[in-house]
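The residues making up each chain are set out below.
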Amino acid sequence: MRTFAYSRADSIEQAAHQTTPTAAFVAGGTTLLDLVKLDVMRPSELVDINTLPLKNVEWLDDGRLQIGALVTNTDLAHHPDIQQHYPVLSQALLAGASTQLRNMATTAGNVMQRTRCPYYRDPAAACNRREPGSGCDARHGLNRLNAVLGGSDACVAVHPSDMCVAMAAIGATLTLSGPEGEREVAFQDFHRLPGDTPHIEHDLADGELITAITLDAPLVPAGSYYLKLRDRASYEFALASTAAQLSLDGEMIGEARVALGGVGTKPWRCPEAEAALVGQPAEMATFERAADIALRDAVPLEHNAFKIPLARQSIIRALREATRLARQDEKQEGQA
């Protein structure tokens, strides 16, 4: 491991002004420390932000729920407001990693999570995301786990987070604080497509840190479901996953939100598939048509063409289960 300086920030303002372009913030460190040990990330300084007052979960006056950046994945998954109003987020969090990692990992750290592409994590391999201009060994290598949506000639790395897939489906806003003050960014605009610059992964300027994530107001009544398909039942990243939310108007779909994981270079929201669901009957033919629309731009690599039919099934199954839960929620609302 290379040497680095260590400091602790006592305020958000201090953290924002204390960092340099080669410094990194550390909270849970569940991704950062791994990558430092692998010599993939080489920060000159680690700025510890664990003492900052960013651990609250609270409702805002406009009906949205704000989550502090340092809320752990465990605390967020089991928070009563998340379980009641955003169950798809709780399900996604509990589907990821292990209990020990969820106890350490933070909400903002999960948003900043780096890809698990083996070529990115191997300094001996060519990776434009790690070293711009070096090439992409994944495109013609062992690419079974790589992306079929959002890739480019420069990069086909999959975004690994389960939590982010659920947040993409829910809709959210990130609050960023930095030397120039505070600003807000829509969740779907925060993660960037690789294009020709895969090393620029986020809309985050030097010195900025995420201080909060605010979820859009929940659908009421609604059904939601997170389905994760993977090689084994635990401690594994998704081959394909779907976060689905919908509300019903009788037998018709009133609102719908769909996002995919395991197949995209960023948490993959599917607005065209959502539009194809709204106003249509909540039945298999509708779900199948929406799944086809969500994946019509998918481009398989040599070893991962199976991800397309797998993702299609995850969409259909998640929508079917969300519909069942929406009907159940609608019935309970009617009895209340």
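> I tried to follow the overall build of the protein chain on my own but got confused; where do I start?
Across its full length, the protein chain holds 12 helices and 12 strands. Taking 2.2 N^0.38 as the reference for a compact globule, 336 residues should give roughly 20 Å; the C-alpha atoms of the protein chain span a radius of gyration of 20 Å, in line with that estimate. For the protein chain, the spread of C-alpha atoms along the principal axes amounts to about 60 × 50 × 35 Å. Looking at the protein chain residue by residue over its 336 residues, the buried ones come to 53%. A sequence separation of at least 24 residues applies to 64% of the contacts in the protein chain between residues at least 6 apart.

> What am I meant to see in the nonpolar core here?
Soluble globular proteins tend to bury their nonpolar side chains together. Grouped together as the largest cluster of nonpolar side chains are 45 residues, with contacts concentrated most on Leu-76, Leu-89, Val-111, Met-167 and Leu-215. It is helix α8 (residues 163-170) that provides the largest number of residues to this core, a total of 8 residues. The contacts of Leu-215, once residues within four sequence positions are left out, are Arg-64, Leu-65, Ile-67, Ile-82, Tyr-86, Leu-89, Met-167, Ile-170, Gly-171 and Ala-172. In terms of nonpolar packing, the next biggest core, distinct from the first, is built from 31 residues, Leu-260, Val-263, Cys-270 and Ala-273 among them.

> Teacher, can you tell me more about the sheet that holds strand β8 (residues 209-215) here?
Strands pair in a sheet through their backbones, by hydrogen bonds, and they do so in one of two ways: parallel or antiparallel. If you trace the 5 strands from one edge of the open sheet to the other, you get β4-β5-β8-β6-β7, paired in antiparallel fashion. Because the sheet does not close on itself, it has two edges, and the strands there are β4 (57-59) and β7 (181-186). The average undirected angle you get between the axes of adjacent strands in this sheet is 25°. Note that β4 and strand β5 (residues 65-68) share 3 bridges and pair antiparallel. Residue pairing in the sheet places Trp-59 in a bridge with Leu-65 of β5.

> Is there a simple way to think about the pairing of strand β3 (residues 45-48) in this case?
Each regular strand displays side chains that alternate between the two surfaces of the sheet. Side-chain alternation along β3 places Glu-45 and Val-47 on one buried face and Leu-46 and Asp-48 on a second face that is also buried. Pairing of strand β1 (residues 5-8) with β3, which is carried by 4 bridges, proceeds in the parallel orientation. Each bridged residue has a counterpart across the sheet, and for Ser-7 the counterpart in β3 is Val-47. Here strand β2 (residues 23-26) runs beside β3; their pairing, made up of 4 bridges, is parallel. Of the residues in β3, the one forming a bridge with Ala-23 is Glu-45. Following the chain from β2 across helix α2 (residues 32-37) to the adjacent parallel β3, one finds a crossover that is right-handed.

What counts and how
- Residues numbered from 1 in each chain as written.
- Predicted model: local features only at pLDDT ≥ 70, side-chain atom pairs only at ≥ 80, totals over all residues.
- Heavy atoms only, no water.
- Helix = DSSP H or I, 4+ residues; strand = E, 2+ residues; numbered from the N terminus.
- Rg over C-alpha atoms; globule rule 2.2 N^0.38 Å.
- Buried < 20%, exposed > 50% of the residue type's maximum accessible area, 1.4 Å probe, protein only.
- Contact = heavy atoms within 4.5 Å.
- Core = buried A, V, L, I, M, F, W, Y, C linked by side-chain atoms within 4.5 Å.
- Pairing = 2+ DSSP bridges.
- Axes fitted to C-alpha atoms, helices over the stretch in contact; angles between N-to-C directions.
- Right-handed = clockwise from strand over helix to strand, strands pointing away.

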